[in-house]
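Each chain, letter by letter, is given below.
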Amino acid sequence: MVRMRYMVKEDYQEIRKLWDVIEGFRIRSLDDSLEGIGRFLERNPNMSIVAEDENKIVGSILCGHDGRTGVFYHVCVDPKFRKKGIGRSMAEMALQSLEREKIGTVTLQALSDNKTGNLFWERIGWLRRSEVNYYDYILNSKNVIHINSASEGKDVGE
């Protein structure tokens, strides 16, 4: 039986294994390192969620906020466990964490070509915004993005 719980830093190795099998997933070398995730969890305690099946992590959401807006990052479910309500349950638990913090708006990013992810978010009632532009400013060029693909991963310097 799959159970949801709050993510802890000690989950990192298993979560990283999960992230490495998710097609189209973007992993940043610094932000998504053990140290980077540890800092994120310290700033946002009891907000990020993992789904476990027989002590194996099969889903995750990094969840945090800036005092005004909540954000979901790295939302994923192992392909073998999809279509079982795990993504929805993790999202609901993370939303409850944000509500406790009096956060009224939550955002997330789904890559345009992530058909599975975009369909999921629309199906569970999230609104796709087309009136905003999203910008990045890279402060550390060592924070390289690795994108998982079906055939092989590739690194993208930004």
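This text goes with the structure placed above it.
Residues numbered from 1 in each chain as written. Predicted model: local features only at pLDDT ≥ 70, side-chain atom pairs only at ≥ 80, totals over all residues. Heavy atoms only, no water.

Asks: Hey, could you run me through helix H4 (residues 115-123) in this one?
Replies: One turn of the α-helix equals 3.6 residues, which is why residues spaced by three or four share an orientation. For H4, the complete set of buried residues consists of Gly-117, Asn-118, Phe-120 and Trp-121. Seen end-on, H4 carries its buried residues on one side only, within an arc spanning 160°. The exposed set on the far side of H4, more than 90 degrees from its buried face, consists of Lys-115, Thr-116, Leu-119 and Arg-123. Next to the buried residues of H4 lie strand E5 (69-77), helix H3 (86-100) and strand E6 (105-108). Backbone geometry just downstream of H4 places Gly-125 in the positive-phi region, at approximately 100°. (Buried < 20%, exposed > 50% of the residue type's maximum accessible area, 1.4 Å probe, protein only. Helix = DSSP H or I, 4+ residues; strand = E, 2+ residues; numbered from the N terminus. Arc of directions from axis to C-beta. Contact = heavy atoms within 4.5 Å.)

Asks: I keep staring at the nonpolar core and nothing clicks. Help me out?
Replies: General note: in soluble globular proteins, nonpolar side chains tend to be found buried as a group. By size, the foremost hydrophobic cluster in this structure holds 20 residues, and its most contacted members are Ile-61, Cys-63, Phe-72, Ile-86, Met-90 and Trp-121. When residues of this core are traced back to their parent elements, those giving at least two are strand E3 (49-53), strand E4 (56-65), E5, H3 and H4. Broken down by element, the residue count for this core peaks at six residues, all from H3. Among residues more than four places away in sequence, those in contact with Met-90 are Met-4, Ile-49, Val-50, Ala-51, Gly-59, Ser-60, Ile-61, Cys-76 and Val-77. By size, the runner-up hydrophobic cluster in this structure holds 15 residues, among which are Tyr-12, Phe-40, Leu-41 and Leu-62. (Core = buried A, V, L, I, M, F, W, Y, C linked by side-chain atoms within 4.5 Å.)

Asks: Hey, could you run me through the pattern of salt bridges in this one?
Replies: It is possible for side chains bearing opposite charge to pair when their charged atoms get close. All told, the structure shown has seven salt bridges when counted by the stated rule. Asp-11 is paired through a salt bridge with Arg-5; the nearest N and O atoms lie 2.7 Å apart. Each member of the pair, Asp-11 together with Arg-5, is buried. For Arg-28, the salt bridge is made with Asp-31, and the minimal N-O distance between the two is 3.9 Å. Judged by its relative accessible area of 18%, Arg-28 falls in the buried class. One salt-bridge network, in which partners are shared between bridges, spans Arg-3, Arg-5, Asp-11 and Glu-52. (Salt bridge = Lys/Arg side-chain N within 4 Å of Asp/Glu carboxyl O.)

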